[in-house]
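Take a look at the letters that make up each chain.
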Amino acid sequence: MNYQTAADALKDRIILVTGAGDGIGRQAAISYAAHGATVILLGRTVAKLEAVYDEIEALGYPQPAIIPLDMKGATRQNYLDMADTIKDQFGRLDGVLHNASLLGVLSPFDQLGEDTYDEVMQVNVKAQFLLTQAVMPLLKKSEDGRIIFTTSTVGHIGRAFWGAYSISKFATEGMMQIVAEELCNTNVRVNAINPGGTRTGMRAKAFPGEDPKTLKTPADIMPLYLYLMGPESRDVNGQCIDAQPKD
């Protein structure tokens, strides 16, 4: 499908992007800013966030904000404090892109370490649960709110050796469906994107022998990210959409 988004579709919107320091999160933040949004960059590495901040500023887009947070160790109170900061600074929140994820270790199920499992579930599931709860009151103040979760092909169908990551993405899709149904009578729309094989550091870690030039870049898959965050997707809710659908 060819997703179309007007150049100013996100004008005056406040959008939080997790994992905004590199890869798809970085590109989404820049693309959202290019379409008029004020982007809140959340991530654990301040230097990476500052580089994205500087890039957005240099392009003349709306001035972004930075929230340094390590989702691996963040508590419920950290997310509530973050929500208070957003409320004090902006008064509302119009969108969240849950992009941050950990791959963990690809291994046989019976060799999957408990520490790896806990770490992946903490970042990929529990952190998104806590963050979504914390910002829900702000999103409900938006005239056209959006929550986008990030899933994976291995979140639709389990795949050998994908262990904790695959389990976490099944959980992500379930969480999206629950929140979407609960918010169906509000102004907030909730969906998930499966980016597919994309030229990122996580992909390189999972497939070290793969030629990255055979993959789409994060910029190539942005039309769907823009569409689901913008006004054109007002009637789309509870859907899991592939950014690179198979023919």
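Residues numbered from 1 in each chain as written. Predicted model: local features only at pLDDT ≥ 70, side-chain atom pairs only at ≥ 80, totals over all residues. Heavy atoms only, no water.

**Q** Would you explain helix H5 (residues 163-182) in this entry?
**A** The α-helix advances 3.6 residues per turn, and as a result positions three or four apart in sequence lie on the same side. A rise of 1.5 Å per residue sets the reference length of H5, with its 20 residues, at 28 Å; its end C-alpha atoms lie 29 Å apart and thus fit the reference within 8%. Buried within H5 are the following residues: Gly-163, Ala-164, Tyr-165, Ser-166, Ser-168, Lys-169, Thr-172, Glu-173, Met-175, Met-176, Val-179 and Ala-180. Looking at the buried residues of H5, the elements they touch are helix H4 (114-139), strand S5 (146-150), strand S6 (189-194), helix H6 (201-206) and strand S7 (240-242). (Helix = DSSP H or I, 4+ residues; strand = E, 2+ residues; numbered from the N terminus. Expected span 1.5 Å × (residues − 1). Buried < 20%, exposed > 50% of the residue type's maximum accessible area, 1.4 Å probe, protein only. Contact = heavy atoms within 4.5 Å.)

**Q** What is the right way to read the pattern of salt bridges from this model?
**A** Oppositely charged side chains are able to pair whenever their charged atoms sit close together. Applying the stated criterion across every chain yields a total of eight salt bridges. Ionic pairing is found between Lys-72 and Glu-119, a salt bridge with its closest N-O pair at 3.9 Å. In this pair, Lys-72 sits in the loop between strand S3 (65-68) and helix H3 (76-90) while Glu-119 sits in helix H4, placing the two residues 47 residues apart along the sequence. Taking the relative accessible area as the measure of exposure, Glu-119 reaches 36% and is therefore partly exposed. Among the salt bridges present, the one from Asp-144 reaches Arg-234, with a minimum N-O distance of 3.5 Å. (Salt bridge = Lys/Arg side-chain N within 4 Å of Asp/Glu carboxyl O.)

**Q** Help me understand the environment of Asn-237, please; the structure alone is not making it clear to me.
**A** Along the chain, the position of Asn-237 falls in the loop between helix H7 (222-229) and S7. Judged by relative accessible area, which is 21%, Asn-237 ranks as partly exposed. Distance from Asn-237 to Leu-183, taken between C-alpha atoms, is 9.2 Å for residues 54 residues apart in sequence. With sequence-adjacent residues up to four places away left out, Asn-237 is seen in contact with Ala-180, Cys-184, Val-188, Arg-189, Val-190 and Asn-191. A distance of 3.0 Å separates a polar atom in the side chain of Asn-237 from the backbone oxygen of Ala-180. (Polar contact = N/O pair within 3.5 Å; in protein donor to acceptor, adjacent residues only side chain to side chain.)

**Q** I keep staring at the environment of Leu-59 and nothing clicks. Help me out?
**A** Along the chain, Leu-59 turns up in the loop between helix H2 (46-58) and S3. Sequence separation between Leu-59 and Met-202 is 143 residues, and the spatial gap between their C-alpha atoms is 27 Å.

**Q** In this structure, what is going on with the sheet that holds S3? I would like to understand it.
**A** In a beta sheet, neighbouring strands are held together by backbone hydrogen bonds and run either parallel or antiparallel to one another. Reading across from one edge, S3-S2-S1-S4-S5-S6-S7 is the order of the seven strands in this open sheet, with parallel pairing throughout. The strands lining the two open edges of the sheet, one partner per strand, are S3 and S7. Strand-to-strand twist across the sheet, computed as the mean angle between neighbouring axes with direction ignored, equals 20°. Pairing between strand S2 (residues 38-43) and S3: four bridges, direction parallel. When the bridges of S3 are listed, Ile-40 appears paired with Ala-65. (Pairing = 2+ DSSP bridges. Axes fitted to C-alpha atoms, helices over the stretch in contact; angles between N-to-C directions.)

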